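Here are the chains, one letter per residue:
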Amino acid sequence: MRKIVLAFDSFKGSVSASDINDSLALTIRRLWPECEVKSFPIADGGEGTARAIGRYLPVETLSCRVHGPLMEERSASYVVSQDGTAVIEMAAAAGLPLVPMDRRNPMNTTSYGTGELIADALDKGYRKFVIGLGGSATNDAGTGAMRALGLRFLDEAGDELHPIGRNLEKIKRIDFSRLRPDLKEASFVIACDVSNPFYGKEGAAYVYAPQKGASLEEVDLLDRGLRHYAEVLLRETGKDLATLSGAGAAGGMGGGLLPFMDVTLKPGIDIVLDLIGFDKEVADADVVLTGEGKIDAQTGMGKALSGVLGRAVAKQVPVVALGGCIEEVEKLNELGFTAVFSIQSSPVSLEKAMRKEIALENLNRTVVQILRLMLRVKS
């Protein structure tokens, strides 16, 4: 064996992707110095995407003042690659962790700050964008972001509405007169790793709003708002979001930007892997080791690991997955994983298992045992 590729996502709530990959690379190089080890902490387009890209590509980090999910003033940043692509994480300005626990409610939050980040990049002359949608606190269908870019949303009396979830149902007309003209010069790739529609039982409100603090009654109101706003968009722009896969991502942001910009929806992990040149590195690898906190059949449905798996299988490189919790092993093998392993060696409380030092110890132990078998040598 000459080359090992590490491509771990984070074990959420436990240890970051960078810490996992760095720790495993150090262990493998110490025990098998003859092996080439390539380490790729991965992200699926949400939180951590800019950091992951910045590990492999020269990027410039830019900061500006924006408004957060509750319109509070704060600082947020984004990165720009050498080719002038601005990579913006929605979570940087509209993320759920930015909202205090007792104030989390997507009826009241806005994506306005994400639009301000886009505006700042446009002001600086950038025209190519990657927007990561993960981790949002909002269900405003992107109206906040579009308000920051010049749109105005009006009620029946012609008064402007604050762009938050509870006001979607009140929108009667969209005022385009102040929309930034430079948006026509820009192209946007939206990292969208879910297939949820804009509204309905599988849509943005019903699936994600409860996680953001909405009650069951509020979920119904938000869904009605999304359905109504989709009708407004169809009437005013001719864009029909009703059947668009992924339109419900990030509280409707996935579809809410589409009528006003040159937008392509693409799985977030594919965006990241393309930017970092993953295909070239995996082509001559002997094995890819990957993993995340929980691995099950849903892992193959657009998540980060599915992207890694697809790229490696296309190059006929075996893929071994490790996770804290493993379910449906047979289905995972059918998806293409050569082998799947749990890193837990004995019964332990979830709290203890998720401690960073414990998780790293278990990961390193499991990887060493896998490689001892594959390399047929003693450490």
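Residues numbered from 1 in each chain as written. Predicted model: local features only at pLDDT ≥ 70, side-chain atom pairs only at ≥ 80, totals over all residues. Heavy atoms only, no water.

- An unreviewed UniProt entry annotates the chain as Glycerate kinase of Bacteroides pyogenes.
- According to UniProt, the comment filed for the chain under the heading Sequence similarities (unreviewed entry) is "Belongs to the glycerate kinase type-1 family." (UniProt positions renumbered as here; feature names shortened; annotations may be inferred.)

### Brief notes about the overall build of the chain
- Tallying secondary structure elements over the chain gives 14 helices and 13 strands in all.
- For the chain, the C-alpha radius of gyration of 22 Å lies close to 21 Å, the compact-globule estimate for 379 residues.
- Structurally, the chain occupies a C-alpha span of about 75 × 45 × 35 Å along its principal axes.
- A burial count over the chain gives 54% of its 379 residues as buried.
- Pairs at least 24 apart in sequence give 71% of the contacts found in the chain among residues at least 6 apart.
- Charge separation in the chain, taken as the distance between the mean sites of 44 positive and 50 negative side-chain charges, equals 4 Å. (Helix = DSSP H or I, 4+ residues; strand = E, 2+ residues; numbered from the N terminus. Rg over C-alpha atoms; globule rule 2.2 N^0.38 Å. Buried < 20%, exposed > 50% of the residue type's maximum accessible area, 1.4 Å probe, protein only. Contact = heavy atoms within 4.5 Å. Lys, Arg positive; Asp, Glu negative; His and termini not counted. Charge placed at Lys NZ, Arg CZ, Asp CG, Glu CD.)

### Comments concerning unusual backbone geometry
- The backbone of Met71 sits at a positive phi, close to 65 degrees, despite the residue not being glycine.
- Relative to the elements of secondary structure, Met71 occurs in the loop between β3 (59-67) and β4 (73-81).
- Judged by relative accessible area, which is 29%, Met71 ranks as partly exposed.

### A few points about the packing of aromatic side chains
- If you walk through the whole model with that rule in mind, you get four aromatic pairs.
- Pairing Phe176 with Phe260 gives two aromatic rings, centres 6.0 Å apart and planes at 50 degrees, and the pair type is tilted. Taken together, the residues Phe176 in the loop between β8 (173-175) and β9 (187-191) and Phe260 in the loop between α8 (249-256) and β10 (262-266) connect sequence positions 84 residues apart. (Phe/Tyr/Trp six-rings, centres within 6.5 Å; stacked < 30°, edge-to-face > 60°.)

### Remarks on helix α2 (residues 49-56)
- For α2, the set of buried residues is Thr49, Ala50, Ala52 and Ile53. Relative to the axis of α2, the buried residues are bounded by an arc of 160 degrees and lie together on one face.
- For α2, the elements touching its buried residues are β3, β4, β5 (85-89) and α9 (268-275). (Arc of directions from axis to C-beta.)

### Observations regarding the domain arrangement of the chain
- Per the domain assignment, the segments of the chain are domain 1 (3-41 + 277-378) and domain 2 (49-269).
- Between the C-alpha centres of domain 1 and domain 2 there is a distance of 33 Å.
- Listed per partner, the contact involves 11 residues of domain 1 and five residues of domain 2.
- When the two sides are added together, the surface that domain 1 and domain 2 hide from each other amounts to roughly 650 Å², 51% of it contributed by carbon and sulfur.
- Connecting domain 1 to domain 2 are zero residue pairs in polar contact (both at pLDDT 80 or more).
- Mapped by element, the contributors of at least two residues to the side of domain 1 that touches domain 2 are α1 (17-31) and α11 (304-314).
- The element contributing the most residues to the side of domain 1 that touches domain 2 is α11, with three residues. (Domains from an automatic or database assignment. Buried area = accessible area lost by both parts, 1.4 Å probe. Polar contact = N/O pair within 3.5 Å; in protein donor to acceptor, adjacent residues only side chain to side chain.)

### A closer look at the nonpolar core
- Among the nonpolar cores identified, the biggest contains 58 residues, and Ile118, Phe129, Met146, Phe188, Phe198, Tyr229 and Met261 are the most heavily contacted of them.
- Among the elements that line this core, the one with the most residues is helix α7 (residues 216-237), at seven residues.
- Ignoring any residue separated from it by four or fewer positions in sequence, one finds Phe198 in contact with Ala141, Gly203, Ala204, Leu226, Tyr229, Ala230, Leu241, Ala247, Gly248, Gly252, Gly255 and Gly256.
- Of all hydrophobic cores here, the second largest spans 26 residues; its members include Phe11, Val37, Ala339 and Ala359. (Core = buried A, V, L, I, M, F, W, Y, C linked by side-chain atoms within 4.5 Å.)

### Thoughts on the pattern of salt bridges
- One pass over the full model with this rule turns up 24 salt bridges.
- A salt bridge links Asp270 to Arg311; the shortest N-O distance between them is 3.4 Å. Placement of Asp270 in helix α9 and of Arg311 in helix α11 is noted, with a sequence separation of 41 residues between them.
- A relative accessible area of 13% means that Arg311 is categorised as buried.
- The closest approach of N and O atoms between Asp279 and Arg311, which form a salt bridge, is 2.9 Å. Placement of the pair is Asp279 in helix α10 (residues 278-282) and Arg311 in helix α11, with a sequence separation of 32 residues.
- Via salt bridges that share partners, Lys266, Asp270, Asp274, Asp279 and Arg311 belong to a single interconnected network. (Salt bridge = Lys/Arg side-chain N within 4 Å of Asp/Glu carboxyl O.)

### Some remarks on the sheet that holds β5
- Strand order in the open sheet formed by six strands is β3-β4-β5-β6-β9-β10, and the pairing between neighbours is mixed. Edge positions in the sheet fall to β3 and β10, since each has one partner strand and no second. The sheet shows a mean angle of 25 degrees between the axes of neighbouring strands, taken without regard to direction.
- Pairing analysis gives five bridges linking strand β6 (residues 128-132) to β9, with the strands arranged parallel. Bridge assignment links Gly132 to a residue of β9, and that residue is Ala191.
- Across the face of the sheet, α2 comes into contact with β3, β4 and β5 while running at roughly 145 degrees to β5. (Pairing = 2+ DSSP bridges. Axes fitted to C-alpha atoms, helices over the stretch in contact; angles between N-to-C directions.)

### Comments concerning the packing of α1 against helix α14 (residues 356-375)
- Packing of α1 against α14 leaves a shortest axis separation of 10 Å and a crossing angle of 40 degrees. Comparing the axis directions of α1 and α14 gives the class oblique. The two elements α1 and α14 meet at a crossing, and its hand is right-handed. Together, Asp19, Ile20, Ser23, Leu24, Thr27, Ile28 and Leu31 of α1 and Lys356, Leu360, Leu363, Asn364, Val367, Val368 and Leu371 of α14 make up the contact between the two elements. (Parallel < 35°, antiparallel > 145°, perpendicular 65-115°, else oblique. Left-handed = near helix turned anticlockwise from the far one by under 90°.)

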